[in-house]
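Working through the structure, step by step
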Amino acid sequence: MAAELNQMPVKEEEYFDVLTKTGEKTGFSKPRGDVHRDGDYHRAVHVWIFAESTQELLIQRRADCKDSWAGLWDISSAGHISAGDSSLISAMRELQEELGVTLPKDAFELLFVFLQECTINDGKFINNEYNDVYLVTTIDPIPLEAFTLQESEVSAVKYISFEEYRRVLAQEHPDYVPYDVNGEYGQLFTIIEKRYKENAEARSLSLEKQLNRYASTSLSAELTGLSASDKEALTVLVKAATIMDKILYLQVWCSNPSLRDWLKEKADKSQLDKLKWMYYVINKSPWSSLDENEAFLTTADSAVKLLPKATKPVPGWKGFEYRTAFPAAKPPGANFYPPDMDKMEFNLWKDSLQQDKQEEAMGFFSVIRRHSESLFEDVISQKVGNDTSSPQDLYMVPYSQEYSSLLSEAATLLRKAGDMSSSSSLKRLLYSKADAFLSNDYYDSDIAWMELDSKLDVTIGPYETYEDALFGYKATFEAFIGVRDDKATAQLKLFGDQLQVLERNLPMDNIYKSENVTAAPIRVIQLLYNAGDVKGPQTVAFNLPNDERIVKDRGTSMVMLKNVSEAKFKLILKPIADVCITEEQQEFVDFESFFTHTICHECCHGIGPHTITLPNGQKSTVRLELQELHSSLEEAKADIVGLWALRFLMDKDLLPKSLAKSMYVSFLAGCFRSVRFGLEEAHGKGQALQFNYLFERGAFVLHPDETFAIDFEKVEDSVASLSREILTIQAKGDKEAAKTLLQKYGVMTPPLKRALEKLETVQVPVDIVPDFPIANQILLNIN
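All chains use their own residue numbering, which begins from 1 and follows the written sequence. Local features in this predicted model are restricted to residues whose pLDDT is 70 or higher, and side-chain atom pairs enter the listing and the counts only when it is 80 or higher, whereas totals over whole chains, interfaces and linings include all residues. Side-chain figures throughout are based on the complete set of non-hydrogen atoms in the structure, without hydrogens or water.

Here we look at the pairing of strand E19 (residues 522-532)
Rule in force here: Accessible area is worked out with a 1.4 Å probe on protein chains only. A residue is then buried under 20% of its type maximum, exposed over 50%, and partly exposed in between. Strands are runs of DSSP state E lasting at least two residues, helices are runs of H or I lasting at least four, and both sets are numbered from the N terminus onward. Here, strands pair whenever DSSP counts at least two bridges between them.
Within E19, 11 of the 11 residues are buried, which leaves the element mostly enclosed by the surrounding structure. Examined bridge by bridge, strand E18 (residues 477-484) and E19 share seven bridges and lie antiparallel to one another. If you follow Arg484 over to E19, its bridge partner there is Ile525. Across four bridges, the pairing between E19 and strand E21 (residues 557-561) is parallel. Considered in E21, the bridge of Arg523 is made with Val559.

Structure follows, in structure tokens:
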């Protein structure tokens, strides 16, 4: 591989992308010499190799022929990012070229971005440089003889303790390239120090506190209504659902599966290791869902891998042993896009494609990868075959190819379950979903899911797009298996029957209303098992599919998880009301209101704007126009319009008016429940928007004893006003208006903060951790 890289043509003159002072690309590039002569802002990478066992950093002595800092000790490896190149590939390339170390992307941890502004060489060299600072964590120091030094760049390497290196920099030692350790660059040393000097007991207490926010509860269901054949199919379906977990781990981050296996293997080593594993199982990643996705693990907790051929061989040395890395800040694009891809790069590439390919690039069922990574990671080139002719770095890989082995296994299981099932509609769903896993065309299987009429209820496949915080395009895999509650399902027919009436009467201009809303079939189930993207807070319902073609032509279908709702009401909502709702209104908080609003919330995903006409006449969708803001605003819409819809149905005598006060007070208590999920989560941010908007208008009232109440005189108009505002933003596809609304109201305000502090003081759980005894027994028997 190294020989392959060394054969790459060397540019006679290196060009850099010129940036604005705030770091955005200007769209043009200049030669290296001109950039440093004119003081243009540009980008570079810094790569640090850190040896965990000795707490040492590798540093290099810059060659005497360098035009800056010649002969001084500096970073392990560094270099500019050439015009059109990506950050991570540049870091991988610099390490290989300068030191002869060839590593995959999971070895590189992005720590922070550092802006260096300085002038040297009597003013002839102006360096205004944005540096992406990466850390590569090895277990032991690499033998110095394993390095292959690039003579034009590096004259020597050595290890130095990170504390000693910090001291020499603080003293401005003349033999070292200067960095201000009291400024931004000091983060390097702070991160390492905190990572390796943290008290195990204190960390255990912190993880216990995080775990205690979840209430464990057992969820089961009565299987007597299932036929013998469907009970057999259930066993196979639970196994298929576990595969959705495996895919989800891959979708979250490239090194996430190895982290999972490592933590599970080490879980019995100590109490701290047990707590790490327990909290990881809830979040399915190193980032805490209830803490704005703040990392609760570090790369120092991660899996160890061995690469025998990463450098030239050294007798008696087994090879390069490193920690698989993940960044402290959760990547907004998850593992759907290259980690160093920004929106501008994606949009420029996407706009160069044919229309059908543009739609695929923005579609639910593909990932975006880089051709250049194939030079460093053989697995990438194997996936794309010989398709390396495109001059563009980005390319698409359909899910059916990206996750081919796992989806093939799942498809086989679904077909097997379909053969067993006695339900014709379940057979159709399972066969068509199996076909979709292999073809990447989910249209027919989504229609089959909507038309499912089976006692054994199954939802499996790629659906929600919350994990893609960059654009909100890409769907994660999930599975829900349950037993249909026939009595509750029959009682809910009212809501599906009234969808078109609700659409016609929505509080927005008639020009934006649809004439062809299809009633959403509603199924109530008792959940037996879930898997895949069900991490952190547990959903009480879902409204699918998200495919705008189906929503436009057929509407949506809804599944209510009644036993999940009951558990949340009992363990969370009622205790919240006891703390946060004024005493005289606590009696209005009841399960019927909570569950009824949940139903209406899901129904209201199916009404309002979806496919829209932009002011310029162009057809589009709300999702495409609002991108990463779509999920939060859509959740807020379903919530607030659901509240409006319940009032409308009461006024039409379709629901008892006695429900009104309970509906509003239960909703208020629910605000505190959802905001505790964190404002990085779509439901939490959407709920904060609603609470702050209604509080500002006096519909929610804070009493001197720090409890809240509903002003029943103001709440109805306030709900209608916010519904109109959100619906109109969606109808216009107005991303700027959506951003303004969320920035103003989707924040942690003092009243919200005080309420959450009270709930933490009395330790009301934030959410539940379900245990599935029936599915657990099935899996135990399989294994």
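On we go.
Focus on helix H22 (residues 591-604)
What counts here: What a helix is expected to span follows from its residue count: subtract one and scale by 1.5 Å.
Between its terminal C-alpha atoms H22 stretches 20 Å, which fits the 20 Å expected from 14 residues at 1.5 Å a residue. Taken across its 14 residues, H22 has 12 buried, putting it largely inside the fold. Regarding H22, the residues found buried are Ser593, Phe594, Phe595, Thr596, His597, Thr598, Ile599, Cys600, His601, Glu602, Cys603 and Cys604.

Some thoughts on empty space enclosed by the protein
Put simply, the test is: Lining residues are defined by having an atom within 4 Å of a point belonging to a cavity or pocket. Those points lie on a 1 Å grid over the protein atoms alone, cavities being sets where a 1.4 Å probe fits but cannot get out and pockets being open sets with protein on both sides within 12 Å along at least five of seven lines. Grid points are joined across faces, edges and corners, and a volume is the space filled by probe spheres set on the points. Just so you know the grouping, Ala, Val, Leu, Ile, Met, Phe, Trp, Tyr, Cys and Pro go in nonpolar, Asp, Glu, Lys and Arg go in charged, and all remaining residues, Gly too, go in polar.
What the rule picks out here adds up to two cavities of 30 Å³ or more. Space inside the largest cavity adds up to approximately 50 Å³. Lining the largest cavity we find Phe364, Phe365, Asp446, Pro462, Tyr463, Pro545, Asn546 and Asp547. Looking at side-chain class alone, the lining of the largest cavity contains five nonpolar, one polar and two charged residues. Considering only enclosed or pocket space, the second largest cavity measures out at about 40 Å³ in volume.

Remarks on the environment of Gln627
What counts, and what does not: Under the rule applied, a polar contact is a pair of N or O atoms within 3.5 Å (in protein, one hydrogen donor and one hydrogen acceptor; residues adjacent in sequence only if both atoms are side-chain atoms).
For Gln627, the position within the fold is in the loop between helix H23 (622-626) and helix H24 (630-651). When the C-alpha atoms of Gln627 and Asn510 are compared, they prove to be 25 Å apart, with 117 residues separating the residues in sequence. Within the structure, the side chain of Gln627 is placed 3.2 Å from the side chain of Tyr473, a separation counted as a polar contact.

As for unusual backbone geometry
What is expected of a backbone is that most residues other than glycine have negative phi and most peptide bonds are trans. A cis amide bond links Leu544 to the next residue, Pro545, at an omega of -5°. Within the secondary structure layout, Pro545 lies in the loop between strand E20 (541-544) and helix H20 (548-554). Positioned with a positive phi, Gln55 is a non-glycine residue whose angle comes to about 60°. Tracing the chain through its elements places Gln55 in the loop between strand E3 (41-51) and strand E4 (56-62). With a phi angle near 60°, Gln763 is a residue other than glycine that sits in the positive phi range. Judged by relative accessible area, which is 65%, Gln763 ranks as exposed.

Quick word on the confidence of the model for the protein
The condition that has to hold: Looking at any residue, its pLDDT shows the predictor's confidence there, from 0 to 100. Any two residues whose heavy atoms approach within 4.5 Å are treated as being in contact.
Averaged over all residues, the pLDDT of the protein is 92; the fraction at 70 or higher stands at 96%. Under a pLDDT of 50 for its full length, residues 1-11 has, in the predicted model, 14 contacts with residues more than four places off or in other chains. Predicted confidence for residues 379-390 stays below pLDDT 50, and this span has 13 contacts to residues more than four positions away or in other chains.

Some details on the side chain of Thr621
Along the polypeptide, Thr621 turns up in strand E23 (residues 619-621). Residue classification places Thr621 among the buried residues on the basis of a relative accessible area of 12%. Separated by 3.1 Å, the side chain of Thr621 and the backbone nitrogen of Leu624 make a polar contact. In this structure, Thr621 is in contact with Glu548, His610, Thr611 and Ile612, ignoring residues within four places of it in sequence.

Describing the packing of aromatic side chains
The following threshold applies: Aromatic contacts are taken between Phe, Tyr and Trp rings whose centres are within 6.5 Å, Trp giving its six-membered ring; a plane angle under 30 degrees counts as stacked, one over 60 as edge-to-face, and the others as tilted. Should the NZ of a Lys or the CZ of an Arg lie within 6 Å of a ring centre and within 35 degrees of the ring normal, that charge is described as sitting over the ring.
Within this structure, the stated rule accounts for 48 aromatic pairs. Aromatic ring contacts, followed pair by pair, group Trp48, Phe112, Phe114, Tyr165, Tyr176, Tyr179, Tyr185 and Phe189 into a single cluster. One Lys or Arg, Lys661, reaches over the ring of Phe712 and ends 5.2 Å from the middle of that ring.

Details of the pattern of salt bridges
Any two side chains of opposite charge can pair, on the condition that their charged atoms come close. Keep this limit in mind: Should a side-chain nitrogen of Lys or Arg be within 4 Å of a carboxyl oxygen of Asp or Glu, the pair is scored as a salt bridge.
Here the structure, examined in full by the defined rule, presents 54 salt bridges. Measuring nitrogen to oxygen at the nearest pair gives 2.4 Å for the salt bridge that ties Lys284 to Asp245. Separated by 39 residues along the polypeptide, Lys284 in the loop between helix H9 (271-283) and strand E11 (287-288) and Asp245 in helix H7 (residues 228-252) bring together distant segments of the chain. Each member of the pair Lys284 and Asp245 is classed as buried. The partner of Glu451 in a salt bridge is Arg428, and the shortest N-O contact between them spans 2.4 Å.

Some words on the sheet that holds E18
Filter applied, for reference: Structural elements are reduced to axes, namely lines fitted to C-alpha atoms, with helices fitted over the stretch in contact, and the angle between N-to-C directions of any two is expressed from 0 to 180 degrees.
Strand order in the open sheet formed by five strands is E17-E18-E19-E21-E20, and the pairing between neighbours is mixed. With one partner strand each, in any of the chains shown, strand E17 (456-462) and E20 form the two edges of the open sheet. Geometrically, the sheet is characterised by an average inter-axis angle of 35° between neighbouring strands, direction not taken into account. Pairing analysis gives four bridges linking E20 to E21, with the strands arranged antiparallel. Opposite Leu544, over in E21, you have Ser557 as the bridge partner.

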